[in-house]
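Read off the chains here:
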Amino acid sequence: KNMEASNPQSSDYPVTHDTTVTLKCKDTFTSSGGSETVTCTDGTFSNPSFTCSKNCSIPSDWVTKNMEASNPPSSDYPVTHGAAVTLKCKDTFTSSGGIETVTCTDGTFSNPSFTCLYWWPFTKANKVEIS
């Protein structure tokens with residue numbers, strides 16, 4: 001379940017009847033919903049009422065598809081479960097249109113619905129004649 005005891009520490013086990021233990025999500029996971037405490041009753045812990053979901057890292061295919069995160073910036077990774085990220089095309093590429101916001105769900109980003117196309121700016125300096 002990607003959880004560990006934070007109070008008392010796991011070295012303090014076994015615990016006695018009616019002892020309340022505080023759980024936390026392991027590193028790279030985010031807690032959502034419910035209480036983070038469980039109680040030992042007759043040798044069995046109650047079920048936690050929260051879940052731990054995996055955070056997201058930058059997918060390698062964003063680089064090969066010429067995309068980068070603009071909000072939050074790439075330096076703010078990993079992104080927590082449930083958070084949204086806005087993508088943009090790298091310089092010299094333009095978006096084909098579509099949804100540019102993706103959401104982290106248990107370690108995986110949703111798929112963007114746009115592609116980044118190479119854009120060659122036509123200016124007076126590099127004007128091309130087509131006949």
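Data block above holds the structure.
Residues numbered from 1 in each chain as written. Predicted model: local features only at pLDDT ≥ 70, side-chain atom pairs only at ≥ 80, totals over all residues. Heavy atoms only, no water.

Caption draft 1: The arrangement of the packing of aromatic side chains in detail. Counted according to the given criterion, the structure contains two aromatic pairs. Summarising the aromatic geometry, the rings of Trp62 and Phe109 are spaced 4.9 Å apart at their centres and angled 40° between planes, so their arrangement reads as tilted. Residue Trp62 is located in helix H1 (residues 60-64), and its partner Phe109 is located in strand E11 (residues 108-109); the two are separated by 47 residues in the primary sequence. With relative accessibility at 4%, the residue Trp62 sits in the buried group. Centre to centre, the rings of Phe93 and Tyr118 are 5.7 Å apart; their planes meet at 75°, and the pair counts as edge-to-face. You can see Phe93 sitting in strand E9 (residues 93-95) and its partner Tyr118 sitting in strand E12 (residues 116-118), a full 25 residues away along the chain. (Phe/Tyr/Trp six-rings, centres within 6.5 Å; stacked < 30°, edge-to-face > 60°. Helix = DSSP H or I, 4+ residues; strand = E, 2+ residues; numbered from the N terminus. Buried < 20%, exposed > 50% of the residue type's maximum accessible area, 1.4 Å probe, protein only.)

Caption draft 2: Quick look at the sheet that holds strand E10 (residues 101-105). Pairing within the open sheet is antiparallel, and its four strands lie in the order E7-E8-E10-E11. Strand pairing shows two members of the sheet lacking a second neighbour, strand E7 (67-71) and E11, which therefore form its edges. Relative to E10, strand E8 (residues 84-89) is paired through three bridges, and the arrangement is antiparallel. The residue of E10 that forms the bridge with Thr86 is Thr101. (Pairing = 2+ DSSP bridges.)

Caption draft 3: The state of the cysteines, seen in detail. This model, assessed by the stated rule, comprises three disulfides. The disulfide bridge from Cys56 ends at Cys104, spanning 2.2 Å between sulfur atoms. On the sign convention where negative means left-handed, the S-S torsion of about 95° between Cys56 and Cys104 marks this disulfide as right-handed. A residue pair is termed long-range when its members are at least 10 positions apart, and Cys56 in the loop between strand E6 (51-54) and H1 and Cys104 in strand E10 qualify at 48 residues. Of the residues examined, Cys56 reaches a relative accessible area of 0% and is grouped as buried. The exposure class of Cys104 is buried, given its relative accessible area of 1%. Taken in N- to C-terminal order, the disulfide-linked cysteines of the protein are connected 1-2, 3-5, 4-6. (Disulfide = S-S within 2.5 Å.)

Caption draft 4: The arrangement of unusual backbone geometry in detail. Phi is positive for Thr28, which is not a glycine, with a value near 75°. For Thr28, the position within the fold is in the loop between strand E2 (20-25) and strand E3 (29-32). The class for Thr28 is partly exposed, based on a relative accessible area of 42%. One non-glycine residue, Thr92, lies in positive phi territory at about 70°. Inspection of the secondary structure puts Thr92 in the loop between E8 and E9.

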